[in-house]
Amino acid sequence: WYQRRVHGVDLITKLLLENENYSKGMLCDLGCGEGALQKKLEEANVFDKIMSFDLVKLKDFVIECDISELPLKKGSAHVCVFCLSLMGKNYIEFIVEATRVLEVNGYLVIAEVTSRFKSLKAFVKLVKQLGYSFVKHIEPNTFFNVLVFKKVKNEKINLNAIVAISSKNAETLKNDVGFLEYFKDKELNYYNYSAYLLQPCLYKRR
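Each residue is numbered by its place in its chain's sequence as written, counting from 1. Where totals are concerned, whole chains, interfaces and linings use all residues; where local detail is concerned, this predicted model gives features only for residues with pLDDT of at least 70, and gives and counts side-chain atom pairs only at 80 or more. To get the side-chain values, all heavy atoms of the structure are used, and hydrogens and water are removed first.

Draft legend 1. Inspection of the environment of Q199 at higher detail. Going along the chain from the N terminus, every DSSP run of H or I of four or more residues is numbered as a helix, and every run of E of two or more is numbered as a strand. By the element assignment, Q199 lies in the segment after α7 (190-197). Taking relative accessible area as the criterion, Q199 reaches 27% and is therefore assigned partly exposed. Contact between two residues is taken to exist if any of their heavy atoms lie within 4.5 Å; hydrogens are not considered. Once residues within four sequence positions are removed from consideration, Q199 is found in contact with R116 and K118. For this analysis, a polar contact is any N or O atom pair within 3.5 Å, provided that within protein one partner can donate a hydrogen and the other can accept it, and provided that sequence-adjacent residues contribute only side-chain to side-chain pairs. Among the polar contacts made by the side chain of Q199, one reaches the main-chain carbonyl oxygen of Y196 at a distance of 2.3 Å. Summary of the burial criterion: residues with accessible area below 20% of their type's maximum are buried, those above 50% are exposed, and those between are partly exposed, where the area comes from a 1.4 Å probe applied to protein chains only.

Following this line, the structure appears as structure tokens:
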């Protein structure tokens with residue numbers, strides 16, 4: 001897992017430093033682990049401020065908190081990053097909170113393992129419903145996907161109110177045996193639908 005995360009951090013660092021639209025204001029690394037992204041970006045000295053958050057404080061500069069409840073004001077960040085950190089089935093709550101702290105015209109960057117996406121197209125639609133436009137998809141190899149979104153509006157988010165939209169998006173998946181099996185005893189709501197699109201991350205014992 002550590003090697004995978006380091007590779008993801010390298011990809012995100014390269015992305016952020018190549019485009020001046022990204023590299024300004026405050027950046028928040030959400031689910032940062034040991035804060036490798038902050039250390040790399042501080043060397044480049046392009047962001048006004050970098051803050052790293054995680055449930056467990058592994059380094060002195062990391063802020064320990066639940067990333068679904070960040071100690072930040074609304075619209076205070078220009079970039080929010082999730083690098084292999086959308087772990088739980090409630091990951092949608094993390095994205096909603098990142099949306100709250102992002103300013104309009106700020107950027108959301110998500111790096112995830114390709115095998116976790118049940119439908120990348122449907123996942124992108126899901127995030128766009130939160131007030132984003134889709135900017136870029138980087139697939140450097142068959143293992144990783146890096147997705148970039150731009151926040152285009154402040155939208156009052158009511159997850160329960162988006163059930164109908166989620167159901168509409170799910171139409172393209174309804175012939176999938178896995179979809180039918182997953183939802184045979186579950187309600188097709190926003191939470192369950194988002195959990196289906198990004199499968200749980202499982203690691204083998206070594």
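This is not the end of the story, as more comes after the structure.
Draft legend 2. Here's a closer look at α7. In terms of burial, α7 is a largely internal element, seven of the eight residues being buried. Two to three positions downstream of the cap, the backbone nitrogen of Y191 sits 3.3 Å from a side-chain oxygen, assigning the N-cap of α7 to N189.

Draft legend 3. Spatial organisation of the sheet that holds strand β2 (residues 49-54). One requirement defines pairing of two strands: DSSP has to find at least two bridges between them. Here we have seven strands laid out as an open sheet, ordered β3-β2-β1-β4-β5-β7-β6, and mixed in their pairing. Every other strand in the sheet has two partners, leaving β3 (63-64) and β6 (132-138) as the edge strands with one partner each. Direction of pairing for β6 relative to strand β7 (residues 144-151): antiparallel, over a ladder of six bridges. In the strand pairing of β7, Y132 is matched with K151. Working convention: axes come from line fits to C-alpha atoms, limited for helices to the stretch in contact. Angles between N-to-C directions cover 0 to 180 degrees. Against the sheet, helix α3 (residues 91-101) touches β1 (26-30), β4 (77-83), β5 (102-113), β6 and β7, its axis set at about 150° to β5. Its contacts with the sheet put helix α4 (residues 120-128) on β5, β6 and β7, and the angle it makes with β7 is roughly 25°.

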